[in-house]
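Spelled out, the chains give:
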Amino acid sequence: MRTSSFAATCKRVVNRVGLPLFDSGTDPGPSFIAFLNEATPDSVFRGVAEELAHATTVVSLRFADGVVMVGDRQATAGYIAERDVRKIAAADRYCALAISGTAATGLEFIRIAQLSFEHYEKMTGRLLSLEGKANYLSPLIYRTTTTTPFVVVPMLAGYDTARKQGRIFRYDRIGGCYEQPNFDVIGSGTPFAESTLRLGFREGMTKDEAINLAALAVYEAGDNDPSTGGPDFVRNIFPMIVTVTEDGFEELAFEETSERFRIINQRRTASGGRAEGDLR
Amino acid sequence: MSMSYYVAPEQMIRDKAEFAQKGIARGRSLIAAVYQAGVVVVAENPSVSLNKVSEIYDRIAFAGVGKYNEYDRLREGGIRWADQTGFTYSREDVDARALANYYAQHIGDMFTDGAKPLEVEVLVIQLASAQQASKIYHVAFEGTITDEPQFAVIGGESELIRARVAEQFDPAASFSEQIQHCVTALSGAERTLPVQDLEIARLEDIGERRTFKRLTDAEVSEILAS
């Protein structure tokens, strides 16, 4: 993730005064974005944002009862700007949303997604389906890419309450949405994290196995990619680990997260830095 | 050639008020009441899906009686206003009093300038926080706004029901006690309301950001049986 000093310029939302009421012809319905468009001025950027290496690593992986997502905590601006950024958030009770790209745009993206899903639920009295949430993000990404010089590429993973299984959706920078059958990675640490997942993934893993593999993938990325922050034993900052199952979104407690990374680190120390053993 | 007749302003207001009151009187009533840990809304509503009580924001609920399409539009406007205000500023800046004022302005404007007055009455309910006590804002069909610290009744027989609620009202009653009291007040002595004709929701702090919850028929049955 890269920080940007242009956060203020990204706030494209203008507050209007009074009760927003519409007649039946112009009513924007339960979509928060459609409603905001009523109050959004034309953007000035005309072009497509350059793709940058998104200084981040977030992985997600499907297991028997849901999905696990692990993400590093570092933000860079040519140097390490932040060490404790939270790049994964609960978009709602049943889905986790992670971001890579420009920090300002990404964090605003998460806020809009969270708000939109809750807005839909309150307006209609029912939850948006997981696929509905995934599709909703596409035009939002396209708009960011074409109306600002900043790129945000999110990753959505959640529990589909209708199908009773975890599902993962990946995006490209212009909003294409592709469901992934097994796992997904975003950010500059992708080659290292993805290799780890490729070698370690098995169908129907337990939650515990899935968490260990996903944590290892981010550990590998932190070890090899200069823009990904691995576990920080000096400051006690560790990548975020979250799961989404039938019971909803859950973030692992600090003690459990730190313990998992401590074990990986001890194993790696014991083998002199080489990746050895069963779960490397 | 058409002739326009002079109508005294007093007469016009009286006619409009009578029109709106008639519309509201056709609908069934609802009660919002403070209890020990929050605020509960008990509505007589035979419809399963056309709600009278809804969530507006983290600590704010909406209740309306009268013409469904008219108060539902107000509900939607309220959710949009709240979500947009919270997004622009902060979640704590979304204030029920401001929303109640917007409702009062709109309903008042429709009463004086509209083609016809809105046939609705609404409540905006704010759950207590560290800074303030729970409040129930009542907006009448002509835009009059009042705030009630303990309970409010809107709908057809509101005067009668209000008197029944006021009898032995206890703001420190438990959740189920208050529901039982409200259901009894709503139905009166002559009839009993079946569970499927009741719509009950509450605002209460249970350690989560959102405090609104709608009760299922099973939960209502259990409370009424206890």
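Details of the structure are given in the entry above.
Scope of this entry: the structure provided in the associated data block.

The rules behind these values
- Residues numbered from 1 in each chain as written.
- Chains lettered and ligands numbered in written order.
- Predicted model: local features only at pLDDT ≥ 70, side-chain atom pairs only at ≥ 80, totals over all residues.
- Helix = DSSP H or I, 4+ residues; strand = E, 2+ residues; numbered from the N terminus.
- Rg over C-alpha atoms; globule rule 2.2 N^0.38 Å.
- Buried ≥ 20, exposed ≤ 12 C-beta atoms within 10 Å, placed from the backbone.
- Contact = placed C-beta atoms within 7 Å.
- Core = buried A, V, L, I, M, F, W, Y, C linked by C-beta atoms within 7 Å.
- Axes fitted to C-alpha atoms, helices over the stretch in contact; angles between N-to-C directions.
- Left-handed = near helix turned anticlockwise from the far one by under 90°.
- Nonpolar A, V, L, I, M, F, W, Y, C, P; charged D, E, K, R; others polar.
- Pairing = 2+ DSSP bridges.
- Parallel < 35°, antiparallel > 145°, perpendicular 65-115°, else oblique.

Observations regarding the overall build of chain B
Item 1. Within chain B, the regular secondary structure consists of six helices and 10 strands.
Item 2. Taking 17 Å as the expected radius of gyration for a compact globule of 226 residues, we find that chain B reaches 18 Å, a close match to that expectation.
Item 3. Projecting the C-alpha coordinates of chain B onto the three principal axes gives extents of approximately 70 × 50 × 30 Å.
Item 4. Out of the 226 residues belonging to chain B, those deemed buried represent 46%.
Item 5. By sequence separation, contacts in chain B at least 24 residues apart represent 64% of the contacts at least 6 residues apart.

A few points about the nonpolar core
Item 1. Core analysis: the largest hydrophobic core is formed by 130 residues, its most contacted members being Ile31, Val41 and Val42 of chain B.
Item 2. In terms of residue count, helix H6 (residues 207–224) of chain A provides more of this core than any other element does, 10 residues in total.
Item 3. Look past the residues within four positions of Ile31 of chain B in its chain and what remains in contact with it is Val42, Phe151, Val153, Ile161, Val165, Cys182, Ala185 and Leu186 of chain B.

A closer look at the packing of helix H5 (residues 190–200) of chain A against H6 of chain A
Residue and element names in this part refer to chain A.
Item 1. Where H5 contacts H6, the axes come no closer than 7 Å and their chain directions differ by 145 degrees. Between H5 and H6 lies a crossing of right-handed hand. For the pair H5 and H6, contact is made by Phe192, Ala193, Thr196, Leu197 and Gly200 and by Leu213, Leu216, Ala217, Val218, Glu220, Ala221 and Asn224, respectively.
Item 2. For the contact of H5 with H6, the per-class residue count stands at eight nonpolar, three polar and one charged.

Some details on the sheet that holds strand E8 (residues 151–154) of chain B
Residue and element names in this part refer to chain B.
Item 1. If you walk across this open sheet you meet the five strands as E8-E1-E2-E9-E10, and the pairing is antiparallel. Because the sheet does not close on itself, it has two edges, and the strands there are E8 and strand E10 (212–214). Taking the axes of each pair of neighbouring strands and ignoring which way they run, one obtains an average angle of 15 degrees across the sheet.
Item 2. Where strand E1 (residues 30–35) and E8 come together, four bridges link them in antiparallel fashion. Bridging from a neighbouring strand, Ile31 pairs with Val153 of E8.
Item 3. Of the strands in this sheet, E1 and E8 touch helix H4 (residues 158–166), which is tilted by about 155 degrees from E8.

Description of the environment of Ser221 of chain B
Item 1. With respect to the helices and strands, Ser221 of chain B occurs in helix H6 (residues 217–225).
Item 2. A C-alpha to C-alpha distance of 30 Å links Ser221 of chain B and Ala133 of chain B, two positions 88 residues apart in sequence.

What to know about the interface of chain A and chain B
Item 1. Taken together, the contacts link 14 residues of chain A with 14 residues of chain B.
Item 2. Only helix H2 (32–37) and helix H3 (103–124) of chain A provide two or more residues apiece to the side of chain A that touches chain B.
Item 3. Examining the composition of the side of chain A that touches chain B, we find that five residues originate from one element, H3 of chain A, more than from any other.
Item 4. Across the side of chain A that touches chain B, the residue classes break down as eight nonpolar, four polar and two charged.

Looking at the pairing of strand E8 (residues 165–171) of chain A
All names here are of chain A.
Item 1. Among the seven residues in E8, six count as buried, and that is most of the element.
Item 2. For E8 and strand E9 (residues 177–180), the ladder comprises four bridges, and the chain directions are antiparallel. Following the sheet pairing, Phe169 is matched in E9 by Glu179.
Item 3. In this structure, the hairpin formed by E8 and E9 is closed by a connection of five residues, where Gly175 is found at a positive phi of approximately 100 degrees.

A few points about unusual backbone geometry
Item 1. With a phi close to 60 degrees, Asn236 of chain A is a non-glycine residue in the positive phi region.
Item 2. Along the chain, the position of Asn236 of chain A falls in the loop between H6 and strand E11 (240–245).
Item 3. Since 10 C-beta atoms lie within 10 Å of it, Asn236 of chain A is described here as exposed.
Item 4. Here Gln168 of chain B, not a glycine, exhibits a phi torsion of approximately 55 degrees, which is positive.
Item 5. In this structure, Gln168 of chain B sits in the loop between H4 and helix H5 (175–187).

Considering the pairing of strand E7 (residues 145–148) of chain B
Residue and element names in this part refer to chain B.
Item 1. Summarising the sheet, strand E6 (residues 135–139) and E7 pair through four bridges and their orientation is antiparallel. Each bridged residue has a counterpart across the sheet, and for His138 the counterpart in E7 is Thr146.
Item 2. Two successive antiparallel strands, E6 and E7, enclose a turn made up of five residues, where Gly143 displays a positive phi of approximately 100 degrees.

Structural notes on the packing of helix H2 (residues 68–88) of chain B against helix H3 (residues 96–113) of chain B
Between two packed helices, both the angle of their axes relative to each other and the distance between the axes serve to describe the pair.
Residue and element names in this part refer to chain B.
Item 1. Running from N to C, H2 and H3 point in directions that differ by 140 degrees, and their axes come no closer than 11 Å. As judged from the angle between their axes, H2 and H3 are oblique. At the point where H2 passes H3, the crossing takes the right-handed sense. Residues Leu74, Gly78, Trp81 and Ala82 of H2 form the contact with H3, whose participating residues are Leu99, Tyr102 and Tyr103.
Item 2. Partitioning the contact of H2 with H3 into residue classes produces six nonpolar, one polar and no charged.

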